[in-house]
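Residue-level structural notes
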Amino acid sequence: MTEGSRLRHPNWALALSILDKFVPGSSGFDPDEIVGLTPESWTPIEPAEGSDAVIAEWLWSTFGPVEAGFVVAVTFASHVPEVGPFFLDSAGLRDLVKTHAERFDDPFFSGDAAILDVDNGRLLVVHHDCMAAELRREPTSSEDTLR
């Protein structure tokens, strides 16, 4: 599949459709494409430099863990046509973060990353400049979102 002249994984259409239902008008998972993120939305990540495990723990302690439900995760590696966005149950998210660097030769938080926690109504976004933001919406069931 292509977007303009860029080759994309076929699952991008589904990921973008789910994002549009969650945050209408958003054109992608990059921070500047997500409607509702403003300069005031961002919180500096402390420490600014750290492993995926350190950043994930900071994210969970700051915004709360992703505990149950359907998740769409997008990392820098997701833009590789053979990889694409990740669709998983929240129980697999910690493992994805932990193994991402080994599996894709790129840390989970190496660039911008987004975790759409569909069933709990929130979108966590990590900016490559060591900041994070959270958008909350009314939770929906993943079954409704996938229709």
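Residues numbered from 1 in each chain as written. Predicted model: local features only at pLDDT ≥ 70, side-chain atom pairs only at ≥ 80, totals over all residues. Heavy atoms only, no water.

1. Things to note about unusual backbone geometry
- Omega for the bond connecting E46 with P47 falls within 30 degrees of zero, at -5°, which places this linkage in the cis form.
- Mapped onto the fold, P47 is located in the loop between β3 (43-44) and α2 (52-63).
- At D105, a residue that is not glycine, the phi angle is positive and equals roughly 55°.
- In this fold, D105 is placed in the loop between α3 (93-104) and β6 (113-117). (Helix = DSSP H or I, 4+ residues; strand = E, 2+ residues; numbered from the N terminus.)

2. Some details on the sheet that holds strand β8 (residues 131-136)
- Taken in spatial order, the six strands make up an open sheet running β3-β8-β7-β6-β4-β5, and their pairing is antiparallel. Two strands bound the open sheet, and with one partner strand each, they are β3 and β5 (86-89).
- Looking at chain direction, β6 and strand β7 (residues 122-127) are connected through five bridges and run antiparallel. Following the sheet pairing, A114 is matched in β7 by V125.
- Here helix α1 (residues 12-22) sits on the sheet in contact with β4 (70-74), β5, β6, β7 and β8, set at roughly 115° to β4. (Pairing = 2+ DSSP bridges. Contact = heavy atoms within 4.5 Å. Axes fitted to C-alpha atoms, helices over the stretch in contact; angles between N-to-C directions.)

3. Observations regarding the nonpolar core
- Formed by 23 residues in total, the largest nonpolar core has its most connected members in L59, W60, L93, F108, F109 and I115.
- Mapped by element, the contributors of at least two residues to this core are α2, β4, β5, α3, β6 and β7.
- In terms of residue count, α2 provides more of this core than any other element does, six residues in total. (Core = buried A, V, L, I, M, F, W, Y, C linked by side-chain atoms within 4.5 Å. Buried < 20%, exposed > 50% of the residue type's maximum accessible area, 1.4 Å probe, protein only.)

4. Some remarks on α2
- With twelve residues, α2 should reach 16 Å at 1.5 Å per residue; the first-to-last C-alpha distance of 16 Å fits that figure.
- Residues of α2 that are buried: D52, I55, A56, W58, L59, W60 and F63.
- On its buried side, α2 packs onto β3, α3, β6, β7 and β8.
- Within two residues after α2, G64 carries a phi angle of roughly 95°, on the positive side. (Expected span 1.5 Å × (residues − 1).)

5. A look at the environment of P65
- Here P65 shows up in the loop between α2 and β4.
- Given the relative accessible area of 32%, P65 is considered partly exposed.
- Residues P65 and S90, spaced 25 residues apart in sequence, show a C-alpha to C-alpha distance of 9.5 Å.
- Those residues in contact with P65, other than ones at most four positions away along the chain, are W60, R94 and R122.

6. Some remarks on the pattern of salt bridges
- As enumerated under the stated definition, the model contains four salt bridges in all.
- Among the salt bridges present, the one from R94 reaches E57, with a minimum N-O distance of 3.0 Å. Highlighted residues: R94 in helix α3 and E57 in helix α2, separated in sequence by 37 residues.
- R94 sits in the partly exposed class, given a relative accessible area of 44%.
- Counted as one network, the salt bridges with shared partners bring together D117, R122, E134 and R136. (Salt bridge = Lys/Arg side-chain N within 4 Å of Asp/Glu carboxyl O.)

7. A few points about α1
- Within α1 the residues assigned to the buried category are W12, A15, I18, L19 and F22. Around the axis of α1, the buried residues are gathered within 130° of arc, so they sit on the same side. (Arc of directions from axis to C-beta.)

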